[in-house]
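# Structural overview for review
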Amino acid sequence: MTVLDKIEQIVSEISHEIGLIQYHGSGHHTEISYQQLWEQSKLLAHHLQKRGLQPGQFVGIFMQRSIEHVISMLAILMNGAAFFSLNPRYTPTQLDFTARLCQSPFIIIDSNSLLKLANIETRQLENCSLIHYDRKPMNPVHQSLLAKIKNRIKIESFPVDKESSELSDFVSPSIIGSDVAVTLFTSGSTGKPKGVMI
């Protein structure tokens, strides 16, 4: 049984229970059910599949800890691919090095990551596409940053209002327990991050 098999079993048993809670401070929080978590992960998985993600490939996640981060991890695993989380303190050079090392076709980012990427050079991340995914509405500052970045690197936004009817369009690949699920990287404090596959 894979990690996804176990999660799907939980979803089928307690689909309407709260699956994730994200605290924002000052008593505010966001929550989604197991069913919502599974469906939103599947929609993103379908989008990645349509964009050409193949089993065995590696996809970066450049996000703060959030509901979107967990959805991204599950979506990547659903495609039989592996994910690696990028340290929010990474410089564009470290991001570029890590993406090249993993031969990553995609890096999924959120709105808070746009500021870090604002001064990225055209030659950096030239071999992968950025997918902007954030369930929260973008403020004017983030919209301006996104437009600025689009002039230099390949980036697209995943529409969070995707119809649930597309869930049936996703074709799940064959996944076995020995497949690589995640690559863990060091902080990169010595210059170049080092990773290990699990």
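Residues numbered from 1 in each chain as written. Predicted model: local features only at pLDDT ≥ 70, side-chain atom pairs only at ≥ 80, totals over all residues. Heavy atoms only, no water.

## What to know about the side chain of Ser104
Just so we agree on the cut-off: Under the DSSP-based scheme used, a helix requires at least four consecutive residues in state H or I and a strand at least two consecutive residues in state E, with every element numbered from the N terminus. Contact definition: two residues touch when any of their heavy atoms are within 4.5 Å.
Tracing the backbone shows Ser104 in the loop between helix 4 (92-101) and strand 5 (106-109). If we ignore the near neighbours within four places in the chain, the residues touching Ser104 are Phe58, Val59, Gly60, Phe84, Ala99, Asn127 and Cys128.

## Some remarks on the side chain of Thr98
To keep it simple, the criterion reads: Counted as a polar contact is a pair of N or O atoms within 3.5 Å, where, for protein atoms, one must be capable of donating a hydrogen and the other of accepting one, and residues adjacent in sequence contribute only when both atoms are in side chains.
Structurally, Thr98 is set in helix 4. Side-chain polar atoms of Thr98 contact the backbone oxygen of Gln94, separated by 2.8 Å. Each residue touching Thr98, except ones within four places of it in the same chain, is listed here: Phe84, Leu86, Tyr90, Phe185 and Pro193.

## Here we look at the packing of helix 2 (residues 34-50) against helix 3 (residues 67-78)
Defined as follows: Helix axes are fitted to C-alpha atoms over the stretch in contact, other axes to C-alpha atoms as well, and angles between N-to-C directions run from 0 to 180 degrees. Relative orientations are named as follows: roughly parallel for angles under 35 degrees, roughly antiparallel for angles over 145 degrees, roughly perpendicular for angles from 65 to 115 degrees, and oblique for any other angle. By convention the crossing between two helices is left-handed if the near helix lies anticlockwise of the far one by an angle smaller than a right angle, and right-handed if it lies clockwise. When residues are sorted by character, Ala, Val, Leu, Ile, Met, Phe, Trp, Tyr, Cys and Pro go into the nonpolar class, Asp, Glu, Lys and Arg into the charged class, and all the rest, Gly among them, into the polar class.
With their axes 8 Å apart at the nearest point, helix 2 and helix 3 run at an angle of 55° to one another. Between helix 2 and helix 3, the angle falls in the class oblique. Crossing angle aside, the handedness with which helix 2 passes helix 3 is right-handed. Across the interface between the two elements, Leu37, Trp38, Gln40, Ser41, Lys42, Leu44, Ala45 and Leu48 of helix 2 pack against Val70, Ile71, Ser72, Leu74, Ala75, Ile76 and Met78 of helix 3. Class assignment for the residues of the contact of helix 2 with helix 3 results in 11 nonpolar, three polar and one charged.

## As for helix 2
Which entries qualify depends on this criterion: Any helix carries an expected span of 1.5 Å times its number of residues minus one. Burial classification: accessible surface area is computed with a 1.4 Å probe over protein chains only, and a residue below 20% of its type maximum counts as buried, one above 50% as exposed, and the rest as partly exposed.
Under the 1.5 Å per step criterion, the end-to-end length of helix 2 is 24 Å for 17 residues, consistent within 8% with the ideal 24 Å. Taken as a whole, helix 2 has its buried residues at Leu37, Trp38, Ser41, Leu43, Leu44, Ala45, His46, His47 and Leu48.

## Topic: the pattern of salt bridges
For the record, the criterion: In the sections that follow, a salt bridge refers to a side-chain nitrogen of Lys or Arg positioned within 4 Å of a carboxyl oxygen of Asp or Glu.
Applying the stated criterion across every chain, the model contains four salt bridges. Across the pair Lys136 and Glu68 runs a salt bridge whose closest N-O atoms are separated by 3.9 Å. Of this pair, Lys136 sits in the loop between strand 6 (129-132) and helix 6 (140-150) while Glu68 sits in helix 3, and the two are 68 residues apart along the sequence. For Glu68, a relative accessible area of 3% corresponds to the buried category. Beyond isolated ion pairs, a larger network of salt bridges with shared partners links Glu68, Asp134 and Lys136.

## Re the pairing of strand 4 (residues 82-85)
Formally: At least two bridges found by DSSP between two strands is the condition for calling them paired. With its strands directed away from the observer, a crossover is right-handed exactly when the path from the first strand over the helix to the second travels clockwise.
Two elements, strand 3 (residues 58-62) and strand 4, share four bridges in a ladder whose sense is parallel. If you follow Ile61 over to strand 4, its bridge partner there is Ser85. Crossover strand 3 to strand 4 through helix 3 is right-handed.

## Comments concerning the confidence of the model for the chain
Where we set the bar: The predictor reports its confidence for every residue as pLDDT, a score running from 0 up to 100.
Mean pLDDT for the chain: 86, with 95% of residues reaching 70 or above. Across the chain, helix 3 holds the top mean pLDDT of 96, while helix 5 (residues 114-117) sits lowest at 81.

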